[in-house]
Amino acid sequence: MSATTIIDTAPLGALIRYTDGSPKPPARFTKKLAAWERSNGVGRLVKKEPPRVYPTWTAPASFTLHEGNFSSDGVILVTIMRSHSADSRLIFEVAEEPKPGQVRVLLDFGGNTELLHLAESVTAAELWIAREGYRNARFEIVGAEDGDRAGDADLAA
């Protein structure tokens, strides 16, 4: 499927696989393998952005995937996020959707919503929000009818 289809249909929290269709090179070709890995991977859909109009050009719609974290002693040092625009030539597929009953921890800013965490339960989501200290985070239960918000969290750090 195309990037536009992901933007239109994939829910926040879905695992998205992307590829350029080329075969994976052998490990001994480290530079070719690194280039291949930049165009082939998987990540969790954390943000969708509409087209943005600037005075001299219009940025196409895009989405952002969280591909992983590098940590040391339980402290996240680097977060890998990759954004893809609607006009990307890569091939995308939804590898896994969030399961009903899971809880999305969301943050609204600048007219967009970003997924901060996908928890297994409301209790786990509340604990995560309290531990991480997001004051304006809210959560919604996956599969809740009519997209109702399951609850708002207004917890201080």
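Computed from a prediction, not measured in an experiment: that's the story for all the values here.

Parameters and conventions
Residues numbered from 1 in each chain as written. Predicted model: local features only at pLDDT ≥ 70, side-chain atom pairs only at ≥ 80, totals over all residues. Heavy atoms only, no water. Domains from an automatic or database assignment. Buried area = accessible area lost by both parts, 1.4 Å probe. Salt bridge = Lys/Arg side-chain N within 4 Å of Asp/Glu carboxyl O. Polar contact = N/O pair within 3.5 Å; in protein donor to acceptor, adjacent residues only side chain to side chain. Helix = DSSP H or I, 4+ residues; strand = E, 2+ residues; numbered from the N terminus. Nonpolar A, V, L, I, M, F, W, Y, C, P; charged D, E, K, R; others polar. Buried < 20%, exposed > 50% of the residue type's maximum accessible area, 1.4 Å probe, protein only. Pairing = 2+ DSSP bridges.

Now for the domain arrangement of the protein. Segmentation of the protein into domains returns domain 1 (1–97) and domain 2 (99–145). Computed over C-alpha atoms, the centres of domain 1 and domain 2 are 21 Å apart. Counting each side, the surface lost to burial between domain 1 and domain 2 is near 800 Å², with a carbon and sulfur contribution of 53%. Glu96 is the salt-bridge partner of Lys99, the closest N and O atoms lying 3.6 Å from each other. Seen at the junction of domain 1 and domain 2, the total is three residue pairs in polar contact (both at pLDDT 80 or more). Broken down by element, the side of domain 1 that touches domain 2 gets its largest block of residues, six residues, from strand 2 (residues 41–49). Along the lines of polarity and charge, the residues of the side of domain 1 that touches domain 2 split into six nonpolar, one polar and six charged.

The alternating pattern of strand 1 (residues 15–19) places Ile16 and Tyr18 on a buried face and Leu15, Arg17 and Thr19 on a face that is not buried. The sheet contact formed by strand 1 and strand 2 spans four bridges and is antiparallel. Of the residues in strand 2, the one forming a bridge with Ile16 is Gly43. As defined by bridge partners, strand 1 adjoins strand 7 (residues 91–96) across five bridges and the pair is classed as antiparallel. Following the sheet pairing, Thr19 is matched in strand 7 by Ile91.

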